[in-house]
Amino acid sequence: MSNPRIHLALRMGDNSLILSQQNSKWCGHAPTLEEDIALANVSLDLMGHAQMWLEFAAEVEDEGRNADTLAFFRDTEEFRNSLLVERPNVDFATTLMRQYLFDAWHLEQLLLLSQSSDTLVAEISQKALVEVRYHRERSQSLVIRLGDGTIDSHNRMQEALNALWSYFGSFFEDSKDDEMLFDLQTSPMPSSLYPRVLEQLNQDSVLSTLKIPESEFWQKGAVQGHHTENLGYILAEMQYLQRTYPNSKW
Amino acid sequence: MYAQEVKSTGSKPKSLSSMSAKEKAFQEKIDRGQRIEPKDWMPEGYRRTLLRQMGQHAHSEIVGQLPEGNWISRAPTLERKTILLAKVQDEAGHGLYLYSAAETLGKSRDEMTKELLSGRAKYSSIFNYPTLNWADMGAVGWLVDGAAIMNQVPLQRTSYGPYARAMVRICKEESFHQRQGFDIMMKMSFGSKKQKAMAQDSLNRFWYPSLMMFGPSDSESVHSAQSMAWKIKINFNDELRQKFVDQTAPQAEYLGLTIPDEKLKWNEKTEQYDYSEPNWEEFFEVISGNGPCNTERLAARNKAWDDGEWFRDGLLANSTKNQNSQIAAE
Ligand SMILES: [Fe+2]
Ligand SMILES: [Fe+2]
Ligand SMILES: [Fe+2]
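Residues numbered from 1 in each chain as written. Chains lettered and ligands numbered in written order. Predicted model: local features only at pLDDT ≥ 70, side-chain atom pairs only at ≥ 80, totals over all residues. Heavy atoms only, no water.

Re the overall build of chain B
For chain B, the count of helices and strands is 13 helices and two strands. Taking 330 residues into account, the globule formula puts the C-alpha radius of gyration at 20 Å, and chain B, at 21 Å, falls close to it. Relative to its full complement of 330 residues, chain B shows a buried share of 55%. Sequence-distant contacts in chain B: of pairs separated by 6 or more residues, those separated by 24 or more amount to 79%. Working note: accessible area of chain B is about 14,400 Å², and carbon and sulfur atoms make up 52% of it. Positive and negative side-chain charges of chain B, numbering 43 and 43 respectively, have mean locations separated by a distance of 3 Å. (Helix = DSSP H or I, 4+ residues; strand = E, 2+ residues; numbered from the N terminus. Rg over C-alpha atoms; globule rule 2.2 N^0.38 Å. Buried < 20%, exposed > 50% of the residue type's maximum accessible area, 1.4 Å probe, protein only. Contact = heavy atoms within 4.5 Å. Areas by Shrake-Rupley, 256 points an atom, 1.4 Å probe, with all protein chains shown as cover. Lys, Arg positive; Asp, Glu negative; His and termini not counted. Charge placed at Lys NZ, Arg CZ, Asp CG, Glu CD.)

Regarding the packing of helix α4 (residues 92-113) of chain A against helix α6 (residues 151-168) of chain A
All names here are of chain A. Contact pair α4 / α6: the axes reach a minimum separation of 9 Å and the direction vectors enclose 50 degrees. Classified by the interaxial angle, the pair formed by α4 and α6 is oblique. The hand of the α4/α6 crossing is right-handed. Contacts from Ala 93, Thr 94, Leu 96, Met 97, Arg 98, Leu 101 and Trp 105 of α4 reach α6 at Arg 156, Met 157, Ala 160, Leu 161, Leu 164, Trp 165 and Phe 168. The class makeup of the residues in the contact of α4 with α6 is 11 nonpolar, one polar and two charged. (Axes fitted to C-alpha atoms, helices over the stretch in contact; angles between N-to-C directions. Parallel < 35°, antiparallel > 145°, perpendicular 65-115°, else oblique. Left-handed = near helix turned anticlockwise from the far one by under 90°. Nonpolar A, V, L, I, M, F, W, Y, C, P; charged D, E, K, R; others polar.)

A look at the coordination of the iron ion (ligand 1)
Residues and elements named next belong to chain B. Looking at the iron ion (ligand 1), one finds its protein donor set to be Glu 61 (OE), Glu 91 (OE), His 94 (ND1) and Glu 174 (OE), positioned 1.9 to 2.1 Å from the metal centre. For the iron ion (ligand 1), the four donor atoms in the first shell make angles of 85 to 139 degrees at the metal, a pattern classed as irregular. Donor residues for the iron ion (ligand 1) sit on one chain with the sequence pattern E-x29-E-x2-H-x79-E. Here the iron ion (ligand 1) and the iron ion (ligand 2) are spaced 2.7 Å apart. Note that Glu 91 is positioned in helix α4 (residues 78-103) and Glu 174 in helix α7 (residues 161-189), a separation of 83 residues in sequence. In terms of burial, Glu 91 and Glu 174 fall into one category: buried. (Donors = N, O, S within 2.8 Å, 3.2 Å for Na, K, Ca; no water. Tetrahedral: all angles 85-135°; square planar, octahedral: opposite > 155°, others 65-115°.)

Some remarks on the environment of Arg 47 of chain B
All names here are of chain B. Within the secondary structure, Arg 47 is located in helix α2 (residues 44-63). Sequence-wise, Arg 47 and Arg 120 are 73 residues apart; in three dimensions their C-alpha atoms are separated by 18 Å. Leave out the neighbours within four places in its chain, and Arg 47 touches Met 42 and Leu 105. Of note is the side chain of Arg 47, whose polar atom sits 2.6 Å from the backbone oxygen of Leu 105. (Polar contact = N/O pair within 3.5 Å; in protein donor to acceptor, adjacent residues only side chain to side chain.)

Description of the interface of chain B and chain A
The partner chain A presents 49 residues to the 45 residues of chain B that form the contact. For the pairing of chain B and chain A, the buried interface totals around 4,000 Å² over both sides, and the portion due to carbon and sulfur atoms is 68%. At the junction of chain B and chain A, the tally comes to two salt bridges. Its salt-bridge partner being Glu 34 of chain A, residue Arg 109 of chain B comes within 2.5 Å of it at the nearest N-O pair. For the pair chain B and chain A, the number of links is 16 residue pairs in polar contact (both at pLDDT 80 or more). Mapped by element, the contributors of at least two residues to the side of chain B that touches chain A are α3 (65-69), α4, α7, α8 (193-212), α12 (294-307) and α13 (309-329) of chain B. Broken down by element, the residue count for the side of chain B that touches chain A peaks at 14 residues, all from α4 of chain B. Here the side of chain B that touches chain A is composed, by residue class, of 22 nonpolar, 12 polar and 11 charged. (Buried area = accessible area lost by both parts, 1.4 Å probe. Salt bridge = Lys/Arg side-chain N within 4 Å of Asp/Glu carboxyl O.)

Notes on the nonpolar core
Nonpolar side chains tend to gather and get buried jointly when the protein is soluble and globular. All names here are of chain B. Tyr 46, Trp 134 and Tyr 160 are the most contacted members of the largest nonpolar core, which totals 88 residues. Here this core takes 11 residues from helix α6 (residues 135-155), the largest share from any one element. Those residues in contact with Tyr 160 that sit more than four places away from it in its chain are Arg 35, Ile 36, Glu 37, Pro 38, Met 42, Tyr 46, Leu 50, Met 54, Ala 101, Thr 104 and Leu 105. (Core = buried A, V, L, I, M, F, W, Y, C linked by side-chain atoms within 4.5 Å.)

Looking at the packing of aromatic side chains
Residues and elements named next belong to chain A. Scanning all chains against the criterion turns up 28 aromatic pairs over all chains. A centroid spacing of 4.9 Å and a plane angle of 85 degrees characterise the contact between Trp 26 and Phe 92, whose relative ring orientation is edge-to-face. Of this pair, Trp 26 sits in the loop between α1 (4-23) and α2 (33-61) while Phe 92 sits in helix α4, placing them 66 residues apart in sequence. Taking the relative accessible area as the measure of exposure, Phe 92 reaches 4% and is therefore buried. (Phe/Tyr/Trp six-rings, centres within 6.5 Å; stacked < 30°, edge-to-face > 60°.)

Thoughts on a negative patch on the surface
All names here are of chain A. On the surface, a cluster of negative charge is made up of Glu 55, Glu 59, Asp 62 and Glu 63. Position of Glu 55 among the secondary structure elements: in helix α2. For Glu 55, a relative accessible area of 34% corresponds to the partly exposed category. (Patch = residues over 30% accessible without salt bridge, like charges linked within 9 Å, V, L, I, M, F, W, Y side chains within 5 Å.)

Observations regarding helix α9 (residues 222-229) of chain B
Residue and element names in this part refer to chain B. Three or more residues of α9 are buried, namely His 223, Ser 224, Gln 226, Ser 227 and Met 228. For α9, the side-chain oxygen to backbone nitrogen distance between the N-cap and His 223 is 3.1 Å, and the N-cap itself is Ser 221. Phi turns positive one or two residues past the end of α9, at Lys 231, with a value near 55 degrees.

Description of the environment of Leu 117 of chain B
Residue and element names in this part refer to chain B. With respect to the secondary-structure elements, Leu 117 resides in helix α5 (residues 109-117). Taking the C-alpha atoms as reference, Leu 117 lies 8.6 Å from Trp 305; in sequence the two are 188 residues apart. Once residues lying within four places of it in the same chain are set aside, the contact partners of Leu 117 are Leu 298, Arg 301, Asn 302 and Trp 305.

Description of the pattern of salt bridges
Residues and elements named next belong to chain B. As enumerated under the stated definition, the model contains 27 salt bridges over all chains in all. The partner of Asp 40 in a salt bridge is Lys 29, with the nearest N and O atoms 3.1 Å apart. Placement of the pair is Asp 40 in the loop between α1 (21-31) and α2 and Lys 29 in helix α1, with a sequence separation of 11 residues. The class for Asp 40 is partly exposed, based on a relative accessible area of 26%. Relative accessible area serves as the criterion here: at 22%, Lys 29 is assigned to the partly exposed category. Three or more residues joined by partner-sharing salt bridges are found here, namely Glu 68, Lys 87, Glu 91 and Asp 145.

Written out as structure tokens, the structure reads:
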């Protein structure tokens, strides 16, 4: 896994995969039927993106693996998703805020990646972009309305934002691979996205009346495969059948 | 079926000669195969029976998300995960169409939801059984969606317009679900020994509960007679159950699986399969709340509703604020 393109593909694919996996657990349990359906849609889109990125990673790696083997047979230290997406669902406010922060990053990232000098990266990003624009609109609108809803909904969203904030920085952590990718004009330095994304969040906060935390002390380590404790449980559940009955066709 | 025990008025259908002029015109319209639309006059019994039936049907779709939802996070491949999630999402959509269709009869979705959550409204007994292995995702699609289709295809011709139209949309998706379920069954039945054992175990557990989906024999029931006169029920329960057995038995054979019924046999004379009745005592227990998962299923729906209250209230408060500020600006 030394090719930096693999690093980028895994970063993109794993973020989408893990967030999709987590969101999909709401199916049948969301606060309204419309929300149940909409969140499942987002999960389905993200699963589609994950498949494209992981397939791309497997092709570049060229060791006979595919998207499924990457998803079901890697352990935590090989995952490159940010710490934010692996935070537990907790409640709907946390789930929604996690989605909102992710979408804000994801959209900026895809806008830049769709201009990548790497045509495959650009192609996948352009495909995903159509859906992610909609994801961003949706979570933005919900966060604004709930922030400026009841006192209770405001407080819940603010608490969720505060609790997730230090993991948000995980999207902006640079690595050696990122420097190489940047030199090749494949992808931007992750840290360079922070001011652009923060600008978006600040604009939204005028309407949501939520306060963006000032701290920039971030939880780090995801780019080297150092995750939070929860990722182990997510993978244990997700990979259970493949691990218990290896070499089976499903 | 999804509506297994729909009590109608409790009396036999009236003869045309004993009907009022309005009732007679209504019945003749139905007899001519014309649709009843929300604005049309209808007997109170028709409206109430339909509401009960559509409510049960809608609730079944929603509670029906849970047994399969149970496996989304553990689906064995990304493709299977996507298909299953999309399927369970479809069921939420079915619930939504049906609640909307029922709302045209003057009862709100919130009211119907409250009836479900309090345990006053029924939903199909099948969803009170647990899903224990991955083959259950196959068996549910194959058998449960399969049984649902048996009932829902004729309901596309039901007399109430909004219900019939909802059924048309739903049936298209249900036949997808059944094919996807059968596809999982094939993979499991023709897979490793352990996979085949899971498939057989799943069929063993889901066979009789699937037969129960059609409801007890109703050829003598006054409720069914009235519903059939009104064309909100098209076939007798035994008729559909037989059709289901006749369709499913050869499929099980193709899969190399054994249906857990020693009496199951092709009957040359009747040209249909003989089969054993499910245990109706078990059915009545399950439908009245004592099945293996009734408590969990209702608890899950109640939790979703209760935990979501702040969310619904928040959105409502925001839209009220925006409306007020719009009015103020005008
Ligand atoms: Fe359905
Ligand atoms: Fe169904
Ligand atoms: Fe279905």
